[in-house]
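# Residue-level structural notes
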Amino acid sequence: MLQKYDTPRALSLLALAAASGAILALPATAEAACSLDDGYADGLVSYVAEVDSCLEAASQFEAGAETALFDATNATRSEAGIGKLNRRASLDRAARAHALDMAARGYAGHDDLEGRGHIYRMRALDRQVLASATGANVAVLDANASPAEIYDAITADSANRQNLVHEGFTDTGLGIAEADGRLYVVQMLTTVDGELETPLPLEIAGATSFTPRVNQDYFRTAGWNLTDGAGNRLAGGTLMRMHDAAFDRDNTGYLDVLVELDTDTYVLKGPMVARR
């Protein structure tokens, strides 16, 4: 379900962004060796760089079981008369990153040990997504569990079963990692309502323009906000252009795109961004 946006507050936030400057939206460069003893690195750029390094180096993913779980999920949805999920590569990366971290540090949970959840991973690793809802299923089983047993373990939980047949979810990502005789299973499910026309860079310098594309024609793009991790507004407007002057180098900005339907305003969660 779309998150309703407070209309009076929305009206005050939809002023034109005053900041301007030369466009410079180059991809960030960072080198990070994979070392999960203390989890992924802090900071958006370092976090993404280490996730990429770890996923490239890892060899313990169960790709066949991931595909089987995807197929079983869509079979269940078809039986329930619900549309099938798309498998989104960026959500695979997010799910695998979390499964790998759990496997490396021997824990189970929706958040990592640093408190970063599925939405954080989606917004860090998917540079175009505009999403209104996200759910996830997490399970830990013996390493010799079959795909059918993995699916049975997930569906044994009522909340997980509801996630699988949630009518609003459109996309999914899967990660299954093996370590020390255990399988660590992560299944992400998301309602993707649109995308940015081009990927948002990890870092911005000066002004960066972006173009939201919303899937449903009945929604009208109304504006955007950039908030910090605590939800405090850093910038916003109706002109789709953000400026690095809105936040300092210690902050990470969370892009929200505002869309309207009749008199209501809703929030679509977009990528995170750092200041160069």
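Summarised in this report is the structure supplied together with it. (Residues numbered from 1 in each chain as written. Predicted model: local features only at pLDDT ≥ 70, side-chain atom pairs only at ≥ 80, totals over all residues. Heavy atoms only, no water.)

## Topic: the state of the cysteines
The test is simple: By convention in this document, the label disulfide applies to cysteine sulfur atom pairs within 2.5 Å. Secondary structure follows DSSP: runs of H or I at least 4 residues long count as helices, runs of E at least 2 residues long count as strands, and numbering of each begins at the N terminus. Only protein chains enter the accessibility calculation, which uses a 1.4 Å probe; a residue is then buried when its area is under 20% of its type maximum, exposed when over 50%, and partly exposed in between.
Under the counting rule described, the total for this entry stands at one disulfide. Cys34 shares a disulfide with Cys54; S-S distance 2.0 Å. Looking down the S-S bond of the Cys34 and Cys54 bridge, the torsion is 105°, so its handedness is right-handed. Linking Cys34 in the loop between β2 (23-24) and α2 (44-57) with Cys54 in helix α2, this pair joins segments that are 20 residues apart in sequence. Relative accessible area serves as the criterion here: at 36%, Cys34 is assigned to the partly exposed category.

## Here's the deal with the pairing of strand β6 (residues 182-196)
Stated precisely, the cut-off is as follows: Any two strands between which DSSP finds at least two bridges are classified as paired.
Burial within β6 is extensive, with 13 of its 15 residues counted as buried. Where strand β4 (residues 129-142) meets β6, 13 bridges bridge the pair, whose relative direction is antiparallel. Bridged to Val140 within β6 is Tyr184. For strand β5 (residues 171-179) and β6, the ladder comprises nine bridges, and the chain directions are antiparallel. Bridge pairing in β6 places Thr172 opposite Leu189. Where β5 hands over to β6, the hairpin turn is made up of two residues, of which Asp180 adopts a positive phi near 50°.

## Concerning the pattern of salt bridges
The test is simple: The working definition used for a salt bridge is a side-chain nitrogen of Lys or Arg within 4 Å of a carboxyl oxygen of Asp or Glu.
In this structure the tally under the stated criterion is 17 salt bridges. The residue Glu114 makes a salt bridge to Arg105 at a minimum N-O spacing of 2.8 Å. The closest approach of N and O atoms between Asp142 and Arg182, which form a salt bridge, is 2.5 Å. With Asp142 in strand β4 and Arg182 in strand β6, this residue pair connects regions lying 40 residues apart in the sequence. Exposure remark for Asp142: the relative accessible area of 44% places this residue in the partly exposed category.

## A short note on α2
Here is the rule: The span one expects for a helix is its residue count, reduced by one, times 1.5 Å. We call two residues contacting when some pair of their heavy atoms lies within 4.5 Å.
Taking 1.5 Å per residue as the helical rise, α2 with its 14 residues ought to reach 20 Å, and the 20 Å between its terminal C-alpha atoms agrees with that figure. Those residues of α2 not exposed but buried are Leu44, Val45, Tyr47, Val48, Ala49, Glu50, Val51, Cys54 and Leu55. Buried residues along α2 sit against α4 (89-105), α5 (118-125), β7 (203-209), β12 (252-261) and β13 (264-275).

## Some words on unusual backbone geometry
A positive phi angle, near 50°, is found at Asp180, a position not held by glycine. In this structure, Asp180 sits in the loop between β5 and β6. Note on Asp180: relative accessible area 76%, which makes it exposed. The phi angle at Asp262 is positive, at roughly 60°, despite the residue not being glycine. Assignment of secondary structure puts Asp262 in the loop between β12 and β13. Owing to a relative accessible area of 71%, Asp262 belongs among the exposed residues under this scheme.

## Quick notes on the packing of aromatic side chains
Using the following cut-off: Pairs were defined over the aromatic rings of Phe, Tyr and Trp, the Trp ring being its six-membered one, requiring ring centres within 6.5 Å. Orientation was assigned from the angle between planes: stacked under 30 degrees, edge-to-face over 60, tilted for the rest. Placement of a positive charge over a ring is assigned whenever Lys NZ or Arg CZ falls within 6 Å of the ring centre and within 35 degrees of the normal to the ring plane.
Using the criterion set out here, one finds five aromatic pairs in the structure. An angle of 75° between the planes, with centres 5.6 Å apart, marks the rings of Tyr40 and Tyr47 as edge-to-face. Tyr40 sits in the buried class, given a relative accessible area of 3%. With a centroid separation of 5.6 Å and 85° between ring planes, the pair formed by Phe210 and Trp224 is classed as edge-to-face. One end of the pair, Phe210, is in the loop between β7 and β8 (212-214); the other, Trp224, is in strand β9 (residues 220-227), and 14 residues separate them in sequence. Take Phe210 and Trp224: they sit in the same class, and that class is buried. A network of ring pairs unites the aromatic residues Tyr40, Tyr47 and Tyr120 as a single cluster. The positively charged end of Arg87 is found above the aromatic ring belonging to Phe70, 5.9 Å away from the centroid.

## Observations regarding the environment of Gly229
With respect to the element layout, Gly229 can be found in the loop between β9 and β10 (233-237). By relative accessible area, which is 65% here, Gly229 ends up exposed. Here the alpha-carbon distance between Gly229 and Thr252, two residues 23 residues apart in the chain, equals 6.9 Å.

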